[in-house]
Amino acid sequence: MSASIATSQTILVVGGGISGMTAALEAAECGKQVILAEKLPTLGGRTAQLYRYFPKMCHPTCGLEINLRRLKGNRNVRVLTMAEVSAISGTRGDYTATLKIAPRYVNEKCTACGDCSKAVSAEIPNPYNYGLDKMKAAYLPHGMAYPQRYVLDPSIVGTPDGEAAKAACKVGAVDLGMQEEMIELKVGAVVWATGWKPYDAAKIQPYGYDRFANVITSVEFERMCDPHGPTGGRILRPSDGKEAKNVAFIQCAGSRDENHLRHCSRICCMASLKQTQYVREAWGDDAKSTIYYIDIRAIDRFEDFYRKVQQDATVGFVKSKVAKIVQDEKTGDVVLHGVDTEGYNRYATPHDLAVLAVGMEPSIKGIKLPEDIVLDSSGFIETAGEGMFSAGCATNALDVNRAVQNATAASLRAIQVINKTAGTEAA
Ligand SMILES: Cc1cc2nc3c(=O)[nH]c(=O)nc-3n(C[C@H](O)[C@H](O)[C@H](O)COP(=O)(O)OP(=O)(O)OC[C@H]3O[C@@H](n4cnc5c(N)ncnc54)[C@H](O)[C@@H]3O)c2cc1C
């Protein structure tokens, strides 16, 4: 791949989630040249892994589809997938970005017919479903994936499975000779839209995520409720496949805690309120959801959603920070222990399933950053230098609406840098 695809008039957007797609599109639609680099095989980021959006409860497909249509119709954006930005150096108008391009082993001739997948027998954990199920080692990341192009897992390259995938492809799209590449790009401005990752729930020892099958995370619950998820959309206990009708949602799992994440992840309360509605949708009046919380943070228009959920007879609220969880060996129930801070009563309450509303932490950690990027105490980007701007959840834990607004603002500032650089070069 040639590095000459970029110049000092190019804006590099790092991360192809909803924020990166937005930033790239806003700049491209103003006539700027943009490179959108995404480290995974497909655009969409974590938004593509949600089942529904609060507060409207619509599917993420709608927002993503609109952006994908805009992207496909715009020649100013060059999308690089499997392209991880590992370092950036330089100053405003003159940055050098280092990108590691991982081999997909499938070229642009792919028609997404799926023949390679049928020919392969090896299976790998499915990252789209947070490893809750397995998928073939020749795969399309998910139905909405862009580009619609299969990927071969490196573990089957050099094996009979790799050869079988190649032999099955009628259009010659499987290329087992692809190699990892490092490229450098010269760009004038950078938008960091590297997003977030869920806090590692195993670190919250008293909740036993790594010991008890029926303790799962909120991101895993999103996948479980999705018809394209590991259980086909059925809410089932991982330990025994029993229908989980009595579900506990535990707030601040890792957030607002000096031992874990000191910040409030802001959207977890809304995510749990939304997820109670998945339980209601699945089991009707037989559903029982309980939210264990310190305080519910639902501001502005989200407050109406909170009020609506409060009126739902299947949803209960316990004001308490859960102290510990144990799983009953015989019944498989998870038993939550703590003190209800409204009545100051101790409780030991069994549920079918416990869902930890895990905090959101920045995923920028580990990238070699220029010195003028300042991170806040949680690792989100506070200020990003004169020609670099942060967007969406690289800036803070944000919902999609706020992430998109923030990305639009970052894009505008990147455009200003490019315009000023063009002016300087012309003078
Ligand atoms: C349980 C849960 C439920 C939620 N439900 C809702 C909801 O219903 N409604 C709502 O509005 N919000 C919801 N959210 C929040 C929503 O997920 C975020 O607002 C959204 O994902 C932000 O998008 P983003 O593009 O900023 O980040 P991300 O989605 O994290 O995208 C960042 C992208 O950058 C890529 N990347 C990272 N580092 C690099 C690198 N070095 N090089 C190249 N690429 C890189 C990543 O692979 C990723 O694709 C929920 C969050 C949680 C935890």
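What counts and how
- Numbering of residues begins from 1 in every chain and follows the order in which that chain's sequence is written.
- Reporting in this predicted model follows two pLDDT cut-offs: at least 70 for local features of residues, and 80 or more for side-chain atom pairs to be given and counted; totals over whole chains, interfaces and linings ignore these cut-offs and use all residues.
- Water and hydrogen atoms were dropped before computing side-chain values, which therefore reflect all heavy atoms in the structure.
- Think of a salt bridge as a Lys or Arg side-chain nitrogen and an Asp or Glu carboxyl oxygen that are within 4 Å of each other.
- Residue burial is assigned from relative accessible area. The probe radius is 1.4 Å, only protein chains are included, and a residue is buried under 20% of its type maximum, exposed over 50%, and partly exposed in between.
- Helix and strand labels come from DSSP, where a helix needs a run of H or I of at least four residues and a strand needs a run of E of at least two; each type is numbered from the N terminus.
- Here, two residues are considered to be in contact whenever any of their heavy atoms come within 4.5 Å of each other.
- The pairing criterion is simple: DSSP has to find at least two bridges between the two strands.
- Handedness is read with the strands pointing away from the viewer; a crossover is right-handed when the path from the first strand over the helix to the second is clockwise.
- Each domain span listed reflects an automatic or database assignment of domains.
- Values labelled buried area give the accessible surface lost by two parts on being combined, using a 1.4 Å probe and summing over both.
- Proximity is defined per residue: any heavy atom of the residue falling within 4 Å of a molecule or strand makes that residue near it.
- Pairing of N or O atoms within 3.5 Å defines a polar contact, subject to two protein rules: one partner must be a possible hydrogen donor and the other a possible acceptor, and residues neighboring in sequence count only if both atoms are side-chain atoms.
- Accessible surface area values rest on a Shrake-Rupley calculation with a 1.4 Å probe, where residue burial reflects the displayed protein chains alone.
- Classes in brief: Ala, Val, Leu, Ile, Met, Phe, Trp, Tyr, Cys and Pro nonpolar; Asp, Glu, Lys and Arg charged; the others, Gly included, polar.
- The angle between two axes is taken between their N-to-C directions and runs from 0 to 180 degrees, where each axis is a line fitted to C-alpha atoms and a helix contributes only its stretch in contact.
- Less than a right angle of anticlockwise turn of the near helix away from the far helix marks a crossing as left-handed, whereas a clockwise turn marks it as right-handed.

## Observations regarding the pattern of salt bridges
(1) Moving on: With the rule as written, the count across this model stands at 22 salt bridges.
(2) Moving on: For Arg237, the salt bridge is made with Asp240, and the minimal N-O distance between the two is 2.7 Å.
(3) Moving on: Classification of Arg237 by relative accessible area gives buried; the value is 2%.
(4) Moving on: A salt bridge links Lys242 to Asp352, with the nearest nitrogen and oxygen atoms 3.1 Å apart. Taken as a pair, Lys242 in the loop between helix H5 (218-225) and strand E14 (246-253) and Asp352 in the loop between strand E19 (345-351) and strand E20 (353-358) lie far apart in primary sequence, 110 residues in all.

## Side note on the environment of Leu398
(1) Moving on: As for its position among the elements, Leu398 is in the loop between strand E24 (388-390) and helix H8 (400-426).
(2) Moving on: Sequence separation of Leu398 and Trp196 is 202 residues, and the distance between their C-alpha atoms is 9.5 Å.
(3) Moving on: When residues no more than four places from it in sequence are discounted, the contact partners of Leu398 are Arg266, Ile267, Met360, Gly392, Cys393, Ala403 and Asn406.

## Re the pairing of strand E3 (residues 77-80)
(1) Moving on: Note: strand E2 (residues 33-37) against E3, four bridges, orientation parallel. Each residue of the ladder has a partner; that of Ile35, found in E3, is Arg78.
(2) Moving on: Regarding topology, helix H2 (residues 60-72) serves as the crossover connection from E2 to the parallel E3, and that connection is right-handed.

## Digging into the domain arrangement of the protein chain
(1) Moving on: Domain annotation of the protein chain identifies domain 1 (10-102 + 180-195 + 363-426), domain 2 (115-168) and domain 3 (199-360).
(2) Moving on: Placing the centre of domain 1 and that of domain 2 at their C-alpha centroids yields a distance of 27 Å.
(3) Moving on: In this complex, domain 1 contributes 14 residues to the contact, which on the side of domain 2 involves 11 residues.
(4) Moving on: Note on domain 1 versus domain 2: buried area summed over both sides is about 1,100 Å², and carbon and sulfur give 68% of it.
(5) Moving on: Among the residues domain 1 hides against domain 2, the three largest losses belong to Pro41, Thr42 and Gln49. Together they make up 42% of the total.
(6) Moving on: Here domain 1 is connected to domain 2 by zero salt bridges.

## Structural notes on the site of the ligand
(1) Moving on: Surrounding the ligand, one finds 35 residues, the nearest of these being Ser19, Glu38, Lys274, Leu398 and Val400.
(2) Moving on: Between an oxygen atom of the ligand and a main-chain N or O atom of Cys393, the distance comes to 3.0 Å.
(3) Moving on: The backbone of Val400 places a nitrogen or oxygen atom 2.8 Å from an oxygen atom of the ligand.
(4) Moving on: For the ligand, whose free accessible area comes to 1,000 Å², the fraction covered by protein is 97%.
(5) Moving on: Counting only elements with at least two residues in the shell around the ligand, the list comes to helix H1 (18-28), strand E4 (83-91) and helix H6 (268-283).
(6) Moving on: Class assignment for the residues of the shell around the ligand results in 17 nonpolar, 11 polar and seven charged.
(7) Moving on: Structurally, the shell around the ligand is a two-domain feature, drawing no fewer than three residues from each of domain 1 (10-102 + 180-195 + 363-426) and domain 3 (199-360).

## Some details on H1
(1) Moving on: With 10 of its 11 residues buried, H1 lies for the most part within the structure.
(2) Moving on: Three or more residues of H1 are buried, namely Ile18, Ser19, Gly20, Met21, Thr22, Ala23, Ala24, Leu25, Ala27 and Ala28.

## Details of the sheet that holds E2
(1) Moving on: One open sheet accounts for five strands, arranged E3-E2-E1-E11-E24; its pairing is parallel. Here the strands that pair on one side only, and so sit at the sheet edges, are E3 and E24. With strand direction ignored, the average angle separating the axes of adjacent strands in the sheet is 15 degrees.
(2) Moving on: Sheet topology places strand E1 (residues 10-14) next to strand E11 (residues 189-192); four bridges connect them, and they run parallel. Within E11, the residue paired with Val13 across the bridge is Val191.
(3) Moving on: With respect to the sheet, H1 is in contact with E1, E2, E3 and E11, its orientation differing from that of E2 by roughly 170 degrees.

## Some points on the pairing of strand E17 (residues 324-327)
Within a regular strand, the side chains alternate between the two sheet faces.
(1) Moving on: Across the two faces of E17 the burial differs, with Ile325 and Gln327 buried and Lys324 and Val326 not buried at all.
(2) Moving on: The sheet contact formed by E17 and strand E18 (residues 334-340) spans four bridges and is antiparallel. If you follow Gln327 over to E18, its bridge partner there is Val334.
(3) Moving on: Joining the antiparallel neighbours E17 and E18 is a turn of six residues, in which Gly332 adopts a positive phi near 80 degrees.

## Topic: the packing of H5 against H6
(1) Moving on: At a minimum axis distance of 11 Å, the contact between H5 and H6 shows a crossing angle of 30 degrees. In the packing of H5 onto H6, the handedness of the crossing is left-handed. Contacts from Ser218, Phe221, Glu222 and Cys225 of H5 reach H6 at Lys274, Gln275, Tyr278 and Val279.
(2) Moving on: Among the residues making up the contact of H5 with H6, the classes are represented as four nonpolar, two polar and two charged.

## A short note on the environment of Val215
(1) Moving on: Residue placement: Val215 occurs in strand E13 (residues 215-217).
(2) Moving on: Measuring from C-alpha to C-alpha, the distance between Val215 and Asp352 comes to 9.4 Å, with 137 residues separating the pair along the chain.
(3) Moving on: In contact with Val215, not counting residues within four places along its chain, are Tyr207, Gly208, Tyr209, Ile325, Val334, Ala354 and Leu356.

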